[in-house]
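Fold and geometry: a report
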Amino acid sequence: MNIPRKKQQEMLWTMILSRKFSDSLVELCRIEGKIPGMMILSTGQEAVGSGVCAALKQDDVIITNHRSHHHLLAKGADPKGLMAEIFCKKTGCNKGKSGTLHLTVPEVNAPCTTTVVGATLPIAVGRAFAQQYTQEQAVTVCFFGDGAADEGSFHEALNLAALWQLPVIFVCENNLYAGAQRYEEHTRVKDMAERARAYDMPGIIVDGNDAPAVYQAALEARQRALDGQGPTLMECKTYRCRGHGEQDPQHYQPRDEIRAWQEKCPIPRLSNMLIASGIINSAELQEMESMAESIVQEAVRFAEESPYPEPREALEDVYV
Ligand SMILES: Cc1ncc(C[n+]2csc(CCOP(=O)(O)OP(=O)(O)O)c2C)c(N)n1
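The following paragraphs examine the structure supplied in this document. (Residues numbered from 1 in each chain as written. Predicted model: local features only at pLDDT ≥ 70, side-chain atom pairs only at ≥ 80, totals over all residues. Heavy atoms only, no water.)

Quick notes on the environment of lysine 34
Applicable threshold: Helix and strand assignments come from DSSP, with helices taken as H or I runs of at least 4 residues and strands as E runs of at least 2, each series counted from the N terminus. Here, two residues are considered to be in contact whenever any of their heavy atoms come within 4.5 Å of each other. Polar contacts, as counted here, are pairs of nitrogen or oxygen atoms within 3.5 Å of one another; within protein the pair requires one atom able to donate a hydrogen and one able to accept it, and residues that are adjacent in sequence qualify only if both atoms are side-chain atoms.
Tracing the chain through its elements places lysine 34 in the loop between α1 (5-31) and α2 (46-54). For the pair lysine 34 and glutamate 304, spaced 270 residues apart in sequence, the C-alpha to C-alpha distance is 9.2 Å. Apart from residues lying up to four places away in sequence, lysine 34 is in contact with Leu28, Cys29, Phe87 and Glu304. For lysine 34, the side chain forms a polar contact with the side chain of glutamate 32, separated by 2.9 Å.

In structure tokens form, the structure reads like this:
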């Protein structure tokens, strides 16, 4: 794989930033109890967001789900706006109306985050239809979990996207669990990517903890989409290292399974590779880590100091 050095550094950077962002949220909601609502994190899955988004251009669109933080940060969302939104503050990217679960960032072409499992798929198909109709040179990426791939909307969306050869990349983030249900308990299909054959589109299995491999697969899928060759289903095999949400004690995830996947963590995996190939050195790695740490701390300070919205603002920006 001949990936530009800058791209490799970019992927490492967005993974480190996402991890620091998640780690600070663990402290804030679990230990300090400062954040309202459910906290759903992507710890261990960062290579999917970073690899896919590194293959995209600004005009490309992402439609994401409840586990969205790493996708949004990798697409370039401002950590301050995200953090303030997670605190439900007026300065948040959605003026405090979304909280952590429906974060949307139109400036980076992330116009819709939905926690309705499976709903990202038909929405992405609609957005990709608009891209095709208006001849935009851009694609839509749809992120969803393995659980979502068992919803009816998955099949309808893939069928229509293939029929109309839409510029959409379906990214199934197979983290082995859907809530407390293990993969084998909700489907007999060994690989979700197999399902692509039923709709006559490429189905690709990628090591979802290998950011460069994810990048390469997304780059190729993007090119196919722009060349008018339609959609691709990418199944990124990864692992949810924390519970479904921070309230979840993970009793159903075997400890040795968690440990084994922690050893395959995508961040040291890429940083070791970049150091071995001379693309970065250990001082630069440390610098990236401390820069990410201070960006996240600054975001937390900004969020904590920001005001809550006024009650009358609840009905502003409501269209229907
Ligand atoms: C239509 C619908 N059904 C159920 C839920 C409750 N729910 C929220 S997340 C989740 C599990 C989703 O699993 P998966 O799609 O694999 O994504 P992951 O959480 O693993 O990232 C469920 C069942 C929901 N939000 N929407």
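Here the narrative resumes, following the displayed structure.
With respect to the pattern of salt bridges
The cut-off we apply is this: A carboxyl oxygen of Asp or Glu within 4 Å of a side-chain nitrogen of Lys or Arg is what we treat as a salt bridge.
Applying the stated criterion across every chain yields a total of 25 salt bridges. Here the residues in one salt-bridge network are Lys190, Asp191, Glu235 and Lys237, joined through shared partners.

Structural notes on the packing of α1 against helix α8 (residues 211-226)
What counts, and what does not: Axis definition: a line fitted to C-alpha atoms, limited for helices to the stretch in contact. Angles are taken between N-to-C directions and run from 0 to 180 degrees. Here is the rule for handedness: rotate from the far helix to the near one, and if that takes an anticlockwise turn smaller than a right angle the crossing is left-handed, while a clockwise turn gives right-handed. Ten residue types, Ala, Val, Leu, Ile, Met, Phe, Trp, Tyr, Cys and Pro, are classed as nonpolar, four, Asp, Glu, Lys and Arg, as charged, and the remainder, Gly among them, as polar.
Where α1 meets α8, the closest approach of the two axes is 10 Å, and the angle between their N-to-C directions is 115°. As for how α1 packs across α8, the hand of that crossing is right-handed. Residues Lys7, Met11 and Met15 of α1 form the contact with α8, whose own contacting residues are Ala211, Pro212 and Tyr215. Classifying every residue of the contact of α1 with α8 by side-chain character gives five nonpolar, no polar and one charged.

Here's the deal with the nonpolar core
Rules: Throughout this description, the term nonpolar core refers to a set of buried Ala, Val, Leu, Ile, Met, Phe, Trp, Tyr and Cys residues connected via side-chain atoms within 4.5 Å. Categorising residues by exposure relies on relative accessible area from a 1.4 Å probe, with only protein chains included: less than 20% of the type maximum marks a residue as buried, more than 50% marks it as exposed, and the intermediate range marks it as partly exposed.
If you look at the biggest cluster of nonpolar residues, it comprises 64 residues, and the most contacted ones within it are Leu12, Leu25, Val52, Met83, Val171 and Met234. Among the elements that make up this core, the one with the highest residue count is α1 (ten residues). Among all residues touching valine 52, those that are not within four sequence positions of it are Ala47, Val141, Phe143, Val171, Val214, Ala218 and Met234. Counting 33 residues, the second largest nonpolar core, distinct from the first, contains Ala128, Ala161, Tyr239 and Tyr252.

With respect to the side chain of threonine 238
Along the polypeptide, threonine 238 turns up in the loop between β8 (232-237) and α9 (255-263). Polar side-chain contacts of threonine 238 include one of 3.4 Å to the backbone oxygen of glycine 44. In this structure threonine 238 touches Gly44, Gln45, Val48, Glu173, Asn174, Asn175, Leu176, Gly208, Asn209 and Trp261, once residues within four positions along its chain are discounted.

Structural notes on the site of the ligand
Just so we agree on the cut-off: We define proximity as follows: a residue is near a molecule or strand when any one of its heavy atoms falls within 4 Å of that partner. What sets the accessible areas is the Shrake-Rupley method with a 1.4 Å probe; for residues, cover comes only from the shown protein chains.
The full set close to the ligand counts 14 residues, and His66, Arg67, Thr115, Gly147 and Tyr177 are the nearest of them. For the ligand, the accessible surface in isolation is 590 Å², of which the surrounding protein chains cover 68%.

Points about the packing of helix α5 (residues 120-133) against helix α6 (residues 152-163)
For the record, the criterion: When an angle is under 35 degrees it counts as roughly parallel; over 145 it counts as roughly antiparallel; between 65 and 115 it counts as roughly perpendicular; any other value is oblique.
Between α5 and α6, whose axes approach to 8 Å, the crossing angle comes to 20°. Judged by the angle between their axes, α5 and α6 are roughly parallel. With respect to the hand of their crossing, α5 and α6 are arranged in left-handed fashion. Judged by residue contacts, Leu121, Pro122 and Val125 of α5 engage Ser153, Phe154, Ala157, Leu158, Leu160 and Ala161 from α6.

Comments concerning the side chain of asparagine 174
Note on placement: asparagine 174 falls in strand β4 (residues 168-174). Setting aside residues up to four positions removed in sequence, asparagine 174 forms contacts with Asp146, Tyr183, Glu235, Cys236, Lys237 and Thr238.

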